[in-house]
Amino acid sequence: NYLLPFLLFYPVPMVSGVVVFAIGATGWTRFGLIQSVVSIGLLVALMPVFAGVFDFGLAGVALSDGCSAVLLLLLSCYAIHQFRNDLGLGVWQRAYRRLDLGLWRRILAIGLPYQLARSMDFIAQAVLVRVMMESGQNATVAGYGVAMLVITLAVSVFGSLGVAAGVMVGQNVGAKQPERARTIVHLAITQMLALGIVVAVVMPFADPVFRIFTDDDKVVVQAASVARALRWIIPARMLSAALLRAYTAVSPNKLGNLFSIVCGAITIVIAYTWPGTELERVTAAVLASGYLRLVLLAVLYRRYFSAAISYPL
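All of the points below concern the structure found in this document.

Definitions and limits used
Residues numbered from 1 in each chain as written. Predicted model: local features only at pLDDT ≥ 70, side-chain atom pairs only at ≥ 80, totals over all residues. Heavy atoms only, no water. Helix = DSSP H or I, 4+ residues; strand = E, 2+ residues; numbered from the N terminus. Expected span 1.5 Å × (residues − 1). Buried < 20%, exposed > 50% of the residue type's maximum accessible area, 1.4 Å probe, protein only. Contact = heavy atoms within 4.5 Å. Core = buried A, V, L, I, M, F, W, Y, C linked by side-chain atoms within 4.5 Å. Salt bridge = Lys/Arg side-chain N within 4 Å of Asp/Glu carboxyl O.

Time to look at helix 12 (residues 278-299). With 22 residues, helix 12 extends 32 Å from end C-alpha to end C-alpha; this agrees with the ideal 32 Å at 1.5 Å per step. What helix 12 keeps buried is the set Leu279, Arg281, Val282, Thr283, Ala284, Ala285, Val286, Ser289, Gly290, Arg293, Leu294 and Leu297.

Let us look at the environment of Gly264. Inspection of the secondary structure puts Gly264 in helix 11 (residues 254-273). Spatially, the C-alpha atoms of Gly264 and Arg293 are 9.0 Å apart, while their sequence positions differ by 29 residues. When residues no more than four places from it in sequence are discounted, the contact partners of Gly264 are Met120 and Ala124.

Turning our attention to the nonpolar core. Within the largest apolar cluster, 59 residues are counted, with the highest numbers of intra-cluster contacts made by Tyr144, Val169, Met203, Phe210 and Phe305. Considering each element in turn, this core owes the most residues, 12 residues, to helix 6 (residues 138-174). Not counting residues up to four positions away in its chain, the partners in contact with Met203 are Val150, Ile151, Ala227, Arg231 and Ile234. Core analysis: the next-biggest nonpolar cluster, separate from the first, contains 8 residues, Val12, Val19, Val20 and Phe31 among them.

The next subject is the pattern of salt bridges. Tallied over the full model, the rule gives 4 salt bridges. Between Glu179 and Arg182 there is a salt bridge; the shortest N-O distance is 2.7 Å. You can see Glu179 and its partner Arg182 sitting in helix 7 (residues 178-202), 3 residues apart, about one turn around the helix. Residue classification places Glu179 among the exposed positions, given a relative accessible area of 54%. The salt bridge partner of Arg211 is Asp217, with a shortest N-O separation of 3.1 Å.

Here's what the structure looks like:
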């Protein structure tokens, strides 16, 4: 019920992501924040309708997510069309339709490692859901899903500042302003750390947010339990995402994405081998791999950022 609508809409967020990044690359860095806020608003509005009013269950979650992605893609395309002159995109030409294999190779060299890292994150999350299913309790699985959705939304909204910082880093490196690029990275790290800690502190009080997605008391209790256990992964994920964006803005950063893939594999191994309850296994896997990823990315600062902007690219 869930997989079919999920796969049906799967290409939409991929295309939407390209359009959003294109808009951000023009200098409209706040569009990422607008996109995140609109995304949450659409999910909050559509999910109760599909899952509750129409009683589609899990399929309703996938349908609401897919419809939200379609509406965001339309919004992004409208923004490009309406503000193309202000964004410096100029007039559309037929030449833009030509297939430039050399350009595609350069795009793939930068984007493919990052997408592979995201794919491994998706696989790891699927495995974590499978581990929670071993409890045999629907409320436990549903609570985990609700809690992770809220955590992911929070990371996405506040993490949009990291996306904007990555765009600004690329622009300043291109303008030969390396010191300003470094300042932006330091500022992004400080902001992400502060926001991540604040969100983690208030997460145990997120029961009203959980009730937006379910009115089942058992599910809300389980979601609150998961949120309390996993809340400290929020700063690590926000900082890791900001560092990856900044590094990729000045370098293909293949090693950094490789570390992310390895950490995803470590998540799976720990989830299956750690002793304890299902939630204890998931918590150990998420926290250990998340902070390992952050430490490895921080170690790469000199190689993938400082060195990259100190010499001609």
